[in-house]
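# A closer look at the structure
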Amino acid sequence: MKVIVAGGGVAGLAASLAMARAGHDAVVLERDRVHPGGPPDGAFELGRRGIPHYFQPHSFLPRGRRLLSDWAPDVLDLLVDAGADPQDVALKLRGPRQPGDEELVYLWVRRPIIEWALRRAAAAEPAIEIRSGVQVTGLLTSENGVARARGVAVDEGDPVRGDFVVDALGRYRCPPAWPRAAGKPTDSGAIYYCRYFELAAGVEHLDAPILNPRGDLGYMGFNTFRGDNRTFAVILLTPAADRELRVLRHEPAWRAACSAITPLDVMISPDHARPITDVMPMGGLMNVDRTGDPLVAGIVAVGDAFCHTDPAFAYGLSFALAHAHALAHASAEAPDLDAIAERYRAAAAPEAHERYALACATDAARSLRWAGEPLEIGRRDGCYPLFSLAGALAAAPHDDAVLRRTIRRIGLLDRTAAFDEDDALHHRIETILRTAGPSSPPGPPRQELLARVSAVRPDRTSFRPSAAGKAAE
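Described in the following lines is the structure provided in the data block.

### Remarks on the packing of aromatic side chains
The geometry of two aromatic rings is summed up by the distance between their centres and the angle between their planes. Taken as a whole and assessed by the stated rule, the structure comprises nine aromatic pairs. Ring geometry for Tyr54 against Phe55: centres 5.0 Å apart, planes inclined by 75°, an arrangement best described as edge-to-face. Geometrically, the ring pair formed by Phe197 and Trp254 is stacked, given 6.1 Å between the ring centres and 20° between the ring planes. Taken together, the residues span a long stretch of sequence, with Phe197 in strand β12 (residues 190–199) and Trp254 in helix α5 (residues 251–259) at a distance of 57 residues. Each member of the pair, Phe197 as well as Trp254, is classed as buried. Cluster of aromatic residues (ring-pair linked, three or more members): Tyr106, Trp108 and Phe225. Just above the ring of Tyr196 sits the side chain of Arg110; from NZ or CZ to the centre is 6.0 Å.

Below, the structure is given as structure tokens:
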């Protein structure tokens, strides 16, 4: 079978690799001019017009790392050799390891290096052809009682024809009349302000009870992501409706806010790390479920084109791999072309939909909390979305069973029901939180924070990293 993959980002490259290794031919069409050669650092110089979040934080959750280990170990090796940073959460266990704990490993790496490794692996496959600088402009179909994909039209040259089409065009733009299942966007309600740093010589990543430092001030929050090669990102999350906090897009205001929050004050200090990017705002973040039938045979969507969720959950990379694996498996099991899409959706859609629903519920609860609603997160019969995330993460350092089940849930290793239907686990979390009592906010009240950031004059000039900083980016 000849597969046409529209889009050469993470999802498209993963789908082409999975299909090629299942015995099919694949043609990858990418609008940006990319190349598989060169060192990993060269990926930071690429212009990725079609991926506004190219430099934003990404990571492989434990599910994603396991998938790489299972069916793309060459890609995993490339990533680790290029500086990707594995984090074994099982090291936080208080007691002995158990079967399954070997899966509790995150892989921290920035997106440019991820694409570099996937593209290099795809280019090494004889069954894969990568065409860059080619923009998909439409779908070619044949009519025989039902519309069927037969290839794609491109901006220059002849159409690219095949037996099956994979939509890996992402969440932002697709050609007019491009077939996608209906999906109603639900706003995440947050704007992110991210900046990357490189650790100073002799300094290690700041430890946290479970993963990386994160917290909630009651009106906004923060998160941190490790990257490859001793880098990390600090992200301030604010309500999209809070226009006063949009001053954080300016570097002096962003720095002043971080300096008032524990432990961000340490993480951004010159003795700990140096910045290697400017502050990168990102808004308009939607949860969109397009897991239904696009009503055209012979085409399936993968990655963000299939289902996109709030980036705070970091599902994107791991789901891209999961979708690629599900598609390859469907192509091997389906009796004919007509059955591939049906089997793929049957395998991938239920999990994607439940994570979409979870993201929507958690985002909505977070927005209510930031708006001042008194939500109870210490009990399962209170605000369950926040109990099962923030409450569980707070309890996890005190109980190995809670740690295992929580990481397996947020790391996509378990379906959500494994956590949601475990009454005994919920009771353990409630007991721990009740014993520990409420924690103090890691930063000042909103008005005090606004006073601090307002006291610095916004600098509208762009950050200019040094040559070494550019290489590290």
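### Concerning the packing of helix α8 (residues 337–370) against helix α9 (residues 384–395)
Relative to each other, α8 and α9 sit at 90°, their axes nearing to 8 Å. Taken together, the axes of α8 and α9 are roughly perpendicular relative to one another. When α8 is examined against α9, the residues Ala361, Thr362, Ala365, Arg366 and Arg369 are found in contact with a partner set consisting of Pro385, Leu386 and Leu389.

### Focus on the environment of Val402
You can see Val402 is positioned in helix α10 (residues 400–410). Classification of Val402 by relative accessible area gives buried; the value is 0%.

### A short note on the sheet that holds strand β18 (residues 286–289)
Spatially, the three strands line up as an open sheet ordered β11-β18-β20, and their pairing is antiparallel. Looking at the sheet topology across the chains shown, the edges are occupied by β11 (186–187) and β20 (307–308). By the bridge criterion, two bridges tie β18 to β20 in an arrangement that is antiparallel. For Val288, the partnering residue across the bridge sits in β20 and is His308. Packing of α8 onto the sheet brings it into contact with β11, β18 and β20, and relative to β18 it is tilted by some 150°.

### Some words on the pairing of strand β10 (residues 164–167)
Taking every second residue as pointing to the same face, both faces of β10 are buried, with Phe164 and Val166 on one and Val165 and Asp167 on the other. Relative to β10, strand β1 (residues 2–6) is paired through four bridges, and the arrangement is parallel. In the strand pairing of β10, Ile4 is matched with Val165. The pairing of β10 with strand β19 (residues 299–301) spans three bridges and is parallel.

Rules of the game
Residues numbered from 1 in each chain as written. Predicted model: local features only at pLDDT ≥ 70, side-chain atom pairs only at ≥ 80, totals over all residues. Heavy atoms only, no water. Phe/Tyr/Trp six-rings, centres within 6.5 Å; stacked < 30°, edge-to-face > 60°. Helix = DSSP H or I, 4+ residues; strand = E, 2+ residues; numbered from the N terminus. Buried < 20%, exposed > 50% of the residue type's maximum accessible area, 1.4 Å probe, protein only. Lys NZ or Arg CZ within 6 Å of the ring centre and 35° of its normal. Axes fitted to C-alpha atoms, helices over the stretch in contact; angles between N-to-C directions. Parallel < 35°, antiparallel > 145°, perpendicular 65-115°, else oblique. Contact = heavy atoms within 4.5 Å. Pairing = 2+ DSSP bridges.

Nothing here speaks to function; it is all geometry.
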